[in-house]
Amino acid sequence: MKKLMAANWKMYKTREEAAMTIASLKLAVGLPPADREVLVFAPFTAIECVSACLGGADGYAVGGQDLYPAVEGAFTGEISPGQLKDAGATWVLTGHSERRHILGESDELVGRKTAFALSQGLKVVLCIGETLAEREAGQLQAVLARQLKEGLAGVPGDVSAADLAIAYEPVWAIGTGKVAGPAEILEAHATVRAQLAQLLTTGSNLRILYGGSVKPDNTAEIISLDNVDGVLVGGASLQAESFSRIVLA
Ligand code: PGA
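Quick look at the structure, then. Sequence order as written defines the numbering, with residues in each chain counted from 1. Where local features are concerned, this predicted model is filtered to residues with pLDDT of at least 70; where side-chain atom pairs are given and counted, the filter is 80 or more; whole-chain, interface and lining totals use all residues. With hydrogens and water stripped out, all remaining heavy atoms of the structure feed into the side-chain values.

**Some remarks on the pairing of strand 6 (residues 164–168)**
Item 1. Extensive coverage of strand 6 is indicated by the burial of five of its five residues.
Item 2. Categorising residues by exposure relies on relative accessible area from a 1.4 Å probe, with only protein chains included: less than 20% of the type maximum marks a residue as buried, more than 50% marks it as exposed, and the intermediate range marks it as partly exposed. Where helices and strands are cited, they refer to DSSP runs of H or I of at least four residues and of E of at least two residues respectively, numbered from the N terminus. Of the two faces of strand 6, the one holding Leu164, Ile166 and Tyr168 and the one holding Ala165 and Ala167 are both buried throughout.
Item 3. In this analysis, strands are considered paired if DSSP registers two or more bridges between them. Bridging between strand 5 (residues 123–128) and strand 6 involves five bridges; their strand directions are parallel. From the neighbouring strand, cysteine 127 faces strand 6, where its bridge partner is alanine 167.
Item 4. In terms of strand pairing, strand 6 meets strand 7 (residues 207–211) through four bridges, oriented parallel. Paired with isoleucine 166 across the bridge in strand 7 is isoleucine 208.

In structure tokens, the structure reads:
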């Protein structure tokens, strides 16, 4: 399967800034290499505009950064899978560490969002990862196992590997400039792979992305590691210049 090179723009960019970034990205990357797929998780207000700027270009897709697990209803401030799809999104993120740790999302809610998004025809990148305190307390394996078990609780065991990817993002590496080393990435991704194989019949085929201070100059090494099937990039995805170098690394 193609490597998934994903940008997470978080709460950055007006529509005009988003359009300019996508135009520059398409110029710099052109048709993505045959083994790469480019995905941009845009803020809700910019999804439609990113989708229009991409204009159905091969190898590119746009996603939302969150969803609420209901078709519609009295959920002020929330957004449904149908609304995301209406704006042009084909993917959505669930369980990003900023939603878990700043907005207080539980494993259980992340699981409901993941299963509901898939049931409504969105593809999902489910994010997991340990905090520094959890790592130092020797809880890496247990945290990843719990987040995967609960995050995938309602997901059909035979979910298509094209529709679901996992992003391993150690919380201590997000936005800190502290990238996990090759040994740490290998260990965590092997753990995720083993858990996935137990939880889903398609688990050995799912893509596992690494996220946390990915930059143009560390991407090639990271994506060459075993069980690393792409990257999820925050800060370095905001500028087309650096994200295009990541996509082409
Ligand atoms: P970062 O963010 O690349 O800025 O560390 C990654 C993420 O939050 O997905």
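Still more ground to cover, so stick around.
**Some points on the site of the ligand**
Item 1. Taken together, 13 residues lie near the ligand, and Lys10, His96, Glu169, Gly175 and Ser213 sit nearest.
Item 2. Here a polar contact means two N or O atoms within 3.5 Å. Within protein one must be a hydrogen donor candidate and the other an acceptor candidate, and residues neighboring in sequence count only if both atoms are side-chain atoms. In this structure, histidine 96 approaches the ligand through a side-chain N or O atom, which is 2.7 Å from an oxygen atom.
Item 3. Glycine 234 places a main-chain nitrogen or oxygen 2.8 Å from an oxygen atom of the ligand.
Item 4. Summarising the interface, the protein chains cover 97% of the accessible area of the ligand, which totals 280 Å² for the free molecule. Note on definitions. A residue lies near a molecule or strand when any single heavy atom of the residue is within 4 Å of it. Using the Shrake-Rupley algorithm and a 1.4 Å probe, accessible areas are obtained, with residue cover drawn only from the displayed protein chains.

**Thoughts on the state of the cysteines**
Item 1. Sulfur atoms of two cysteines make up a disulfide when they are within 2.5 Å. Tallied over the entire structure, the rule returns zero disulfides.
Item 2. Residue cysteine 53 stays outside any disulfide, its sulfur separated by 4.4 Å from that of cysteine 49, the closest cysteine.
Item 3. Judged by its relative accessible area of 27%, cysteine 53 falls in the partly exposed class.

**Quick look at the nonpolar core**
Item 1. Trp9, Val50, Leu152, Leu164, Ile166, Leu196 and Tyr210 are the most contacted members of the largest nonpolar core, which has 66 residues in total.
Item 2. Only buried residues count toward a nonpolar core, which is a set of Ala, Val, Leu, Ile, Met, Phe, Trp, Tyr and Cys residues joined through side-chain atoms within 4.5 Å. Residues Ala6, Phe41, Cys127 and Ala165 belong to the second largest nonpolar core, which totals 13 residues.

**A look at the pattern of salt bridges**
Item 1. We count a salt bridge whenever a side-chain nitrogen from Lys or Arg sits within 4 Å of a carboxyl oxygen from Asp or Glu. A complete count under the given rule lists 14 salt bridges for this structure.
Item 2. Among the salt bridges present, the one from glutamate 98 reaches lysine 10, with a minimum N-O distance of 2.8 Å. Placement of glutamate 98 in helix 4 (residues 97–101) and of lysine 10 in the loop between strand 1 (3–8) and helix 1 (15–29) is noted, with a sequence separation of 88 residues between them.
Item 3. Judged by its relative accessible area of 26%, glutamate 98 is partly exposed.
Item 4. Close ionic contact of lysine 113 with glutamate 105 constitutes a salt bridge, the shortest N to O distance being 2.6 Å.
Item 5. When its relative accessible area of 9% is taken as the criterion, glutamate 105 is described as buried.

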